[in-house]
Amino acid sequence: MEQQIAELTEKLAALEAAQAMSSTVNSEIFYWWCTGLMVIIHAGFLAYEMGASRAKNVLASGIKNILAFAFVIPTFFFFGWWIYLAFPNGFIPVMDSYGAPWDASMGPNLADNATGVFWAAFTLFAATTASIFSGAVIERIRVSSFLILAILLGSVVWILGASWGWHPTGWLTVQLGYHDVGAAGVVHMIAGFFALGVLINLGPRVGKFNEDGSANELCAHNVPFTITGLMLIIVGFFGFLGGCIIYMPGEQWINIYGQPATLSAFAFNTLMGFSGGIIGAWLKTRDPFWMMSGALVGIFCAASGLDVYYPPLAFLLGFFGGIVVPMAAKALEKAGIDDAVGAFPVHGVGGLIGVLGCGLFASGYPNVEDYPPITLYGQAIGAVVMALLGFIPGFVVSYIMKLMGVLRVPDEIQIIGLDKTKVPVKAYPEGGIGSAMPAE
Amino acid sequence: MNGSPITSWEGAEAYFTFADSPTMITIFLVGAVVVCFGAIFYGGMHESEAYKENMPE
């Protein structure tokens, strides 16, 4: 009898160990595939940016976009991940080697199945943030300066915002109950406002504005490519949003703040926001570019409360964003700012609607520990923090670059075209698109 | 040349081949940082030259 009990105990322990390992590996697999899906965001940004460029700049825009991705990865390894873990309290770091690039967790480690896949997911969030900014400045920013700005945004600024407002103990959630599960503020607002700060110093593309201030349309050379790129970005966002929820082996999912949540809630509200954004933009513009941008806007408008909204509310928030954001783009153009792909309206304004919407429609939703619940006040303060955290570094650093004369491609070179100036291959070598286009 | 810090997986945790000491980790890390930022600097120089060469008279 005793021997049987011992054998059963041994078998039970083995089963428990196998179950625990299986759960650990499942969690690892989940984030691996979220990361893989997020790479599709970059396929989308690449197509989107190249399509939105004029033919004379198409490859230069592609190079810039690819390099942003390439440089954010190592710099996020060098310091980005550490910033996330070290700054939840504000500007004073918590000194811990976990997350530092020399830590035992930052590489092959048979005792740690989690750090690598979480780092990878966050790295792709970072690269997404930098790519949002990338589209706004096409056709006239120097690549070297752009890369410094992309690293600043992707591996420093947004991740500092994430540490404050997208972290279980970030000061914005601990003190104000800030709630932003889908990163409307920490990714989209920060990227959009950063882009705005740079655009003010960078100036418009040659030929964008007339002397009387009226704007010319510098047509995208391949609108179908741009629209397809936008759809790819949306495919990738399912990986992005999947990476925003925490897989807890053997337990219910939790959101980034530790509150119980389900991936099903994310599914309902992502799709409903997506749909509302397209329909709103369609009614407002009839323009397929804005319809697909509206799809993104719809997701961002619902993003902060993806875990809590009734799906028709997510639809209406998306619909509202789909109408408002094209208007914001017009207003920006009237103000003399040339945002080539609408990065500020789509991400900055869309993200703002998302953050404030959560304060309006999810107030009182409880928090963990004794942290405050969601309030409109907390969301509004969070929105101001995200806007400033994006805008100030973008404006200040690009202003310094402008003073040094290293921010903007000379106007004469813009007229010739960036591809002809510095790209060793031709986009369309057999003629046709772009080859006989007059310089603008 | 043997770069592996382990000879079996029994009890193994972190195992960075050829980087099992702070010195080697520092060399690889600093090397990667230098390549990363050096490439941007070099790219900036190349850009300036390309603009200069292609500037219309």
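None of the values given here were measured: they were computed from a predicted structure. (Residues numbered from 1 in each chain as written. Chains lettered and ligands numbered in written order. Predicted model: local features only at pLDDT ≥ 70, side-chain atom pairs only at ≥ 80, totals over all residues.)

1. So, the overall build of chain B
Looking only at helices and strands, chain B has one helix and zero strands in total. Relative to the compact-globule value of 10 Å for 57 residues, chain B shows a C-alpha radius of gyration of 21 Å, a clear excess of over 25%. The principal-axis extent of the C-alpha atoms belonging to chain B is close to 70 × 20 × 15 Å. With 57 residues in all, chain B has 2% of them scored as buried. (Helix = DSSP H or I, 4+ residues; strand = E, 2+ residues; numbered from the N terminus. Rg over C-alpha atoms; globule rule 2.2 N^0.38 Å. Buried ≥ 20, exposed ≤ 12 C-beta atoms within 10 Å, placed from the backbone.)

2. A closer look at the overall build of chain A
Across its full length, chain A holds 14 helices and two strands. In terms of overall dimensions, chain A is globule-like: its C-alpha atoms have a radius of gyration of 23 Å, near the 22 Å expected for 440 residues. When its C-alpha atoms are laid out on the principal axes, chain A stretches across 95 × 45 × 40 Å. Long-range pairs, those at least 24 residues apart, make up 78% of the contacts in chain A with a sequence separation of at least 6. (Contact = placed C-beta atoms within 7 Å.)

3. Side note on the packing of helix α2 (residues 58–86) of chain A against helix α4 (residues 143–165) of chain A
All names here are of chain A. As a packed pair, α2 and α4 sit with axes 8 Å apart at the nearest point and diverge in direction by 40°. In terms of orientation, α2 and α4 fall into the oblique class. The hand of the α2/α4 crossing is right-handed. Between α2, through Ile63, Lys64, Leu67, Ala68, Phe71, Val72, Thr75, Phe76, Phe79, Gly80, Ile83 and Tyr84, and α4, the contact on the second element is made entirely by Val143, Phe146, Leu147, Ala150, Ile151, Gly154, Ser155, Val156, Ile159, Leu160, Ala162 and Ser163. Of the residues that constitute the contact of α2 with α4, the class distribution is 18 nonpolar, five polar and one charged. (Axes fitted to C-alpha atoms, helices over the stretch in contact; angles between N-to-C directions. Parallel < 35°, antiparallel > 145°, perpendicular 65-115°, else oblique. Left-handed = near helix turned anticlockwise from the far one by under 90°. Nonpolar A, V, L, I, M, F, W, Y, C, P; charged D, E, K, R; others polar.)

4. Structural notes on the interface of chain A and chain B
Counting residues at the interface gives 25 residues for chain A and 20 residues for chain B. Counting only elements with at least two residues in the side of chain A that touches chain B, the list comes to α2, α4, α13 (411–416) and α14 (418–422) of chain A. Looking at the side of chain A that touches chain B, its residues break down into 17 nonpolar, five polar and three charged.

5. Here we look at the environment of Thr7(B)
All names here are of chain B. As for its placement among the helices and strands, Thr7 is situated in the segment before α1 (22–54). The exposure class of Thr7 is exposed, given the 8 C-beta atoms found within 10 Å. Counting along the chain gives 22 residues from Thr7 to Leu29, while the straight-line C-alpha distance between them is 24 Å.

6. Topic: the nonpolar core
The tendency in soluble globular proteins is for nonpolar side chains to be buried side by side. Residues and elements named next belong to chain A. Counting 145 residues, the largest nonpolar core has Phe133, Ala150, Ile190 and Ala195 as its most contacted members. A total of 14 residues in this core trace back to one element, the largest contributor, which is α4. Leaving out residues up to four positions away in the same chain, Ala195 has contacts with Ile132, Phe133, Ala136, Asp339, Ala343, Phe344 and Gly394. (Core = buried A, V, L, I, M, F, W, Y, C linked by C-beta atoms within 7 Å.)

7. Some words on the confidence of the model for chain B
When pLDDT is averaged along chain B, the result is 92, and 100% of the positions lie at 70 or above. Interface confidence for the predicted complex, given as ipTM, is 0.95, next to a pTM of 0.95. (pLDDT = per-residue confidence, 0-100.)

8. Considerations on unusual backbone geometry
The phi dihedral of Arg286(A) is positive, around 60°, even though this residue is not glycine. Turning to its location among the elements, Arg286(A) is positioned in the loop between α8 (263–285) and α9 (288–303). In the Ramachandran plot, Phe18(B) falls in the positive-phi region, its phi being about 65° despite a non-glycine side chain. On the secondary structure map, Phe18(B) appears in the segment before α1.

9. What about the confidence of the model for chain A?
On average, residues of chain A score 95 in pLDDT, and 98% of them reach the 70 mark or higher. With pLDDT under 50 throughout, residues 435–440 of chain A is counted as low confidence; its partners more than four residues away or in other chains account for ten contacts.

10. Here we look at the packing of α2(A) against helix α3 (residues 115–136) of chain A
Residues and elements named next belong to chain A. Put simply, α2 and α3 touch, their axes get as near as 8 Å, and they point 130° apart. Classified by the interaxial angle, the pair formed by α2 and α3 is oblique. The hand of the α2/α3 crossing is right-handed. In contact with Lys64, Asn65, Ala68, Phe69, Val72, Ile73, Phe76, Gly80, Trp81 and Tyr84 of α2, α3 contributes Trp119, Phe122, Thr123, Ala126, Ala127, Ala130, Ser131 and Ser134. Looking at the contact of α2 with α3 residue by residue, the classes come out as twelve nonpolar, five polar and one charged.

11. So, the environment of Val156(A)
Along the chain, Val156(A) turns up in helix α4. For the pair Val156(A) and Cys219(A), spaced 63 residues apart in sequence, the C-alpha separation works out to 34 Å.

12. Notes on helix α12 (residues 376–404) of chain A
Taking 1.5 Å per residue, 29 residues should reach 42 Å; α12(A) reaches 42 Å between its end C-alpha atoms and fits that length. In the stretch just after α12(A), Gly405(A) is the one whose phi turns positive, near 75°. (Expected span 1.5 Å × (residues − 1).)

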